[in-house]
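Residue strings, one per chain:
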Amino acid sequence: MEIIELKRSSFSITALLFGVAFLIVSIVEFIHIPLEEPLIFLFSSPGDAVWESSFLDHLAKALINLLIAVIFLYGVPQIKQGTLSGFGFLIGAGILAIGIGTLFAIEWIANLIDFALQGLVDITVWEDFIFTEGIRTEIFLGIGSIYIMLLWKNRDNYLE
Amino acid sequence: MSKSLALIGNPNVGKTVFFNELTGETGHVANWPGVTVEKKIGKMGNIEVIDLPGVYSLSPAAIDEMIARNFIVNEKPDLIVDILDATNLERNLYLAFLLKELGIPVIFILNLMDAAEKRKIKIDVERLSQLLGAPVIPTVAIKGKGIKEARNIIESYVKDNKLARSSVEIIYYSSELEEKIKKATEILENNLPKFLPDKRRWAAIKLIENDKEVKKEIYSFDGGIVVEEKIKRILTGTEEFDLAGERYNKIGEIIKETYKREKGVVTSSDILDRVFLNKYFGIPIFLLIMWGMFEITFRASAPLVTLVGLIFEEWLPLLTSGLPEDLWLTSFINEAIFGGFGAVLGFVPLIFMMFLVLSFLEDSGYLARAAFNMDRLMFKLGLHGRSFVSMMLGFGCNIPAVMSCRAIENEQDRLTTILVNQNISCGARLPVYVLLGGYVLGNASTGTIIFSLYALGIVIAILLALFFRKVVFKGESSPFILELGDYRMPTAKYTGIHMWERGREFIKKAGTIIFAVVVIMWLLQSFGVDPNTGILAWGVDPEYSLLAGVGKFFQPLFAPLKWSWIAAIGIVFGFLAKEVVVAAFGLILTGEEEPAGLGQFVFDNLAVPGAVAVAAMPALVYGYLVFVLLYTPCVAHIGAVYKETGSKKWALVSATYGIGLGYILALIINLIGGVYF
């Protein structure tokens, strides 16, 4: 019984850590939302360039990370109690993380092909692309899949 | 002589998968109920196989159930194959009992055995077969397991002539009920000898049960009312419940003998539903998944769209470079085929990608959960949750979505759902969104813009449904029962078939109606009134072509929205099919002397020249996209609404209200976006 409680505690600590991590990513995305862009749009005059904004892109990503963080954090107290809902929240958040990772991976591969099709030869663009975008993809996919795998393997310890 | 076999069962037990496996057809399969709303026919050797909509009983409440029941009762199939859900045997056996009462030979397929195994359910198949008095074949249809055995038994039934109705074991009730059934049968025999002579016992039971359909059928005979009166006289009033009670008692006995379920088994579906059906997170997760779906669609298809674009814009035109420029054939190939038709084909990868993601979600069982979540919200608004199931089918095409409304029992709910379904964005509108979505907030936000349009469509559909139910079709909404199957890992085979089945319609449409419209538009573009001579001539400046004339004729209607005649052409021809919007732009572009990319060309020419500040263009573009979302989906949709409602009035309402709504919303977006300042 004590071992199970200990495992449940470790599950809940993991969920807490992931929740906080996603919360940080969400805050970073929120900070990067170019709030000035809608203002530029409002005060622009005829002849200005077409409004190209990453406002929505950052907002969407910030909200998604926030949602995953909240799901993890919401699950923490229930995980401690060993409820089925708690486990559902852990798995569900993991699946969403994998989903987002898959999305980044698809975007990454698609961009890679697109660059190749366009005959892009600028090495700095490739470096930046492979390192920053690629790492982001791996983090999401990696965390999500390892996490789910570990959870699922240990489900009996949790649900007992 | 060819024999007929009817496939029947409760909703979402895998009838269509089984049908596909037996016949090699590719009927639409999904992990949610209500996918089949009309009968489908296929062949297994010389046996005709009919896939019927899912039913819980033979007393129909909705149109699709009526189709199934009428076929079974009136069309007299030689053999019935009843698909049972192994995870939910008790409820499925009720229909099995009703089918046995019909006296037609029945074979039972115990499907979803893998899901039953996961739930630690053990079924004594042999004993079940003995108790039901018919063969029971365990299967996992989606993986093709047990199909061969099922096929062999069906074939042996036909070959060994086991189809005689006299060989069917009858289900007997208590002596008290049997006495009443006997009397009712005699009343029918003496008074209505021509009424279902081969199913007289069944008809008698149904009349005792007060079945509305059978009563309606006997009223069509002289003496039908007398029969009803005579039967009423032998009843005490409790027989309807007594019959159901005895059936459930027998089912209970069968379950006790054949079905063992380990207690406390938790499956992955139970666990996942804790979060995906959570009352706080269910809808946000649904929105997140929808956003992801459009992001994946847009991002993953981008390289393929670029490639197809290159083929039509750069590589194929090399083939015609040797032809004389003023030859009509050169113009036809370059403008109509490569320009107009190629513009539509360029989006084929995009459409297929969206259907792939959608099929994945559908086959996994998630879309049924999405409907469940939306039902909570819709029920609070007094709407029927089943409407949302039909709405989600509209993501593919609004026409089958309108047809799927047959599964809605309540007439007011059905009409409401038919009328609001057009606001759900179908695949044909997607190319327009992708073409112009990047000009609202830049390329990085295209996926989010597309998502916003789909979400707006859902919100408008819900608000309109609320309006129709509160103002036009008043009355109580019937409760919504949605069976949630287990989550399943979609198989490549069925997800692929599913994607192809929907995408194929797009290609078919491209090869027929879209091609025909493109040819007409090309002719209109090629001929025009020469400004110098005033005579109709070939190859005049595109500005003076008949196509431009059509655009300029309709443009004043859109003048308050500041849309150009080119924008008007897209809208006018888009009535025929939404894909034509892009084709029209592609065709006009090829008439340009220095063509830019298609998207850039449309963006540059969407507004009346000089009438809109560049900074206000995002709003104008978004307003245009919202209009494309909301106005009449296509001519075929009007036909479908007419067919399903049987009313010219509602077909007209459906064809026109979207135009008004789209116009008003585009005006509001223009106002907010500074188009008029």
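Residues numbered from 1 in each chain as written. Chains lettered and ligands numbered in written order. Predicted model: local features only at pLDDT ≥ 70, side-chain atom pairs only at ≥ 80, totals over all residues. Heavy atoms only, no water.

Some points on the overall build of chain A
And then number 1: When helices and strands are tallied, chain A shows six helices and zero strands.
And then number 2: Beginning at the N terminus, the succession of helices and strands in chain A can be written as α-α-α-α-α-α.
And then number 3: Taking all 160 residues of chain A together, 40% fall into the buried category.
And then number 4: Relative to all contacts within chain A whose residues are 6 or more apart in sequence, the contacts with residues 24 or more apart total 75%.
And then number 5: About 8,700 Å² of surface is accessible on chain A, with carbon and sulfur atoms providing 71% of the total. (Helix = DSSP H or I, 4+ residues; strand = E, 2+ residues; numbered from the N terminus. Buried < 20%, exposed > 50% of the residue type's maximum accessible area, 1.4 Å probe, protein only. Contact = heavy atoms within 4.5 Å. Areas by Shrake-Rupley, 256 points an atom, 1.4 Å probe, with all protein chains shown as cover.)

Some thoughts on the overall build of chain B
And then number 1: From N to C terminus, chain B includes 29 helices and ten strands.
And then number 2: Over its C-alpha trace chain B gives a radius of gyration of 29 Å, about what one expects of a compact globule, namely 26 Å for 677 residues.
And then number 3: For chain B, the spread of C-alpha atoms along the principal axes amounts to about 95 × 55 × 50 Å.
And then number 4: In chain B, which comprises 677 residues, the proportion classed as buried is 60%. (Rg over C-alpha atoms; globule rule 2.2 N^0.38 Å.)

A short note on the confidence of the model for chain B
All names here are of chain B.
And then number 1: When the pLDDT values of chain B are averaged, the result is 85; 94% of them are 70 or greater.
And then number 2: Element-level pLDDT for chain B is lowest in helix H17 (residues 386–393), with a mean of 75, against a maximum mean of 95 in strand S7 (residues 136–138).
And then number 3: This prediction of the complex comes with two scores: 0.76 for pTM and 0.73 for ipTM. (pLDDT = per-residue confidence, 0-100.)

Here we look at helix H3 (residues 55–81) of chain A
Since there are 3.6 residues in each turn of an α-helix, residues three or four apart along the chain are aligned in direction.
Residues and elements named next belong to chain A.
And then number 1: An ideal rise of 1.5 Å per residue puts 39 Å on 27 residues; H3 measures up with 40 Å between its terminal C-alpha atoms.
And then number 2: At Gly-75, H3 is bent by approximately 35°, the largest bend along its length, and proline Pro-77 sits one to four residues beyond.
And then number 3: In the stretch just after H3, Gly-82 is the one whose phi turns positive, near 75°. (Expected span 1.5 Å × (residues − 1). Bend = angle between axes of the 7 residues up to and from the residue.)

Details of the pairing of strand S5 (residues 106–111) of chain B
Residues and elements named next belong to chain B.
And then number 1: Burial of S5 is extensive: six of the six residues sit out of reach of the surface.
And then number 2: Alternating residues of S5 divide into Val-106, Phe-108 and Leu-110 and Ile-107, Ile-109 and Asn-111, and every residue in both groups is buried.
And then number 3: As judged from the six bridges shared by strand S4 (residues 79–85) and S5, these two strands associate in the parallel manner. Note that in S5 the partner of Asp-85 across the bridge is Asn-111.
And then number 4: Note: S5 against S7, three bridges, orientation parallel. The residue of S7 that forms the bridge with Ile-109 is Ile-137. (Pairing = 2+ DSSP bridges.)

Examining the environment of B:Phe473
Residue and element names in this part refer to chain B.
And then number 1: Within the fold, Phe-473 resides in the loop between helix H21 (446–472) and helix H22 (492–526).
And then number 2: Separated by 60 residues in the primary sequence, Phe-473 and Asp-413 have C-alpha atoms spaced 7.9 Å apart.
And then number 3: When near neighbours in sequence (up to four residues on either side) are disregarded, Phe-473 contacts Gln-412, Leu-415, Thr-416, Leu-419, Phe-468 and Trp-650.

Quick notes on the side chain of B:Asn10
Residues and elements named next belong to chain B.
And then number 1: Turning to its location among the elements, Asn-10 is positioned in the loop between strand S1 (3–9) and helix H1 (15–23).
And then number 2: A distance of 2.9 Å separates a polar side-chain atom of Asn-10 from the backbone oxygen of Val-55.
And then number 3: Contact partners of Asn-10, with chain neighbours within four places excluded, come to Lys-15, Gly-54, Val-55, Tyr-56, Ile-83, Arg-91, Asn-92 and Leu-95. (Polar contact = N/O pair within 3.5 Å; in protein donor to acceptor, adjacent residues only side chain to side chain.)

Concerning the domain arrangement of chain B
All names here are of chain B.
And then number 1: Domain boundaries in chain B define domain 1 (3–168) and domain 2 (175–261).
And then number 2: The centre of domain 1, based on its C-alpha atoms, is set 24 Å off from the matching centre of domain 2.
And then number 3: Contacts between the two partners involve 32 residues from domain 1, matched on the other side by 22 residues from domain 2.
And then number 4: The contact between domain 1 and domain 2 buries some 2,500 Å² in all, and 59% of this surface belongs to carbon and sulfur atoms. (Domains from an automatic or database assignment. Buried area = accessible area lost by both parts, 1.4 Å probe.)

Re the interface of chain A and chain B
And then number 1: With 38 residues of chain A in contact, the opposing surface of chain B contributes 37 residues.
And then number 2: Taken together, the links from chain A to chain B amount to zero salt bridges.
And then number 3: Where chain A touches chain B, the interface holds one residue pair in polar contact (both at pLDDT 80 or more).
And then number 4: Among the elements of the structure, H3 and helix H4 (84–118) of chain A are those that each provide at least two residues to the side of chain A that touches chain B.
And then number 5: Looking at the side of chain A that touches chain B, the element that brings in the most residues is H4(A), giving 17 residues.
And then number 6: Residues that form the side of chain A that touches chain B fall into these classes: 26 nonpolar, seven polar and five charged. (Salt bridge = Lys/Arg side-chain N within 4 Å of Asp/Glu carboxyl O. Nonpolar A, V, L, I, M, F, W, Y, C, P; charged D, E, K, R; others polar.)

Some remarks on the sheet that holds S5(B)
All names here are of chain B.
And then number 1: The sheet built from six strands is open, its strands ordered S2-S3-S1-S4-S5-S7 with mixed pairing. Only two strands of the sheet have a single partner each, and these edge strands are strand S2 (40–44) and S7. When strand polarity is set aside, the average angle formed by the axes of neighbouring strands in this sheet is 25°.
And then number 2: Two strands pair when backbone bridges link them, and S1 and strand S3 (residues 47–51) are joined in this way by five bridges, in the parallel orientation. Looking at the pairing, Leu-7 lines up with Asp-51 of S3.
And then number 3: Each of S1, S2, S3, S4 and S5 touches H1; the most contacted strand, S2, lies at about 35° to it. (Axes fitted to C-alpha atoms, helices over the stretch in contact; angles between N-to-C directions.)

Here we look at the packing of helix H14 (residues 328–345) of chain B against helix H25 (residues 579–590) of chain B
All names here are of chain B.
And then number 1: Close contact between H14 and H25 brings their axes to 7 Å; oriented N to C, the two are set at 145°. Here H14 runs over H25; the crossing is right-handed. From H14, Asn-334, Glu-335, Ala-336, Gly-339, Gly-340, Ala-343 and Val-344 reach across to H25, where they touch Glu-579, Val-582, Ala-583, Gly-586, Leu-587 and Thr-590.
And then number 2: A class-by-class count of the residues in the contact of H14 with H25 yields six nonpolar, five polar and two charged. (Left-handed = near helix turned anticlockwise from the far one by under 90°.)

A short note on a nonpolar patch on the surface
Residues and elements named next belong to chain B.
And then number 1: Judged by side-chain polarity, Leu-327, Trp-328, Leu-329, Leu-523, Phe-527, Val-529, Ile-535, Leu-536, Trp-538 and Leu-546 come together as a nonpolar surface patch covering roughly 870 Å² of accessible area.
And then number 2: Elements supplying a minimum of two residues to the nonpolar patch: H14, strand S9 (527–529) and strand S10 (536–538).
And then number 3: Structurally, Trp-538 is set in strand S10.
And then number 4: Trp-538 sits in the partly exposed class, given a relative accessible area of 36%. (Patch = residues over 30% accessible without salt bridge, like charges linked within 9 Å, V, L, I, M, F, W, Y side chains within 5 Å.)

Section: the pairing of S4(B)
Residues and elements named next belong to chain B.
And then number 1: Of all seven residues that make up S4, seven are buried, and the element is covered over most of its length.
And then number 2: Side chains Leu-79, Val-81, Ile-83 and Asp-85 project from S4 onto one buried face, and the interleaved Ile-80, Asp-82 and Leu-84 project onto a second face that is buried too.
And then number 3: Bridge count between S1 and S4: five bridges; the pairing is parallel. Each bridged residue has a counterpart across the sheet, and for Ile-8 the counterpart in S4 is Asp-82.
And then number 4: Handedness of the S4-helix H3 (residues 89–101)-S5 crossover: right-handed. (Right-handed = clockwise from strand over helix to strand, strands pointing away.)

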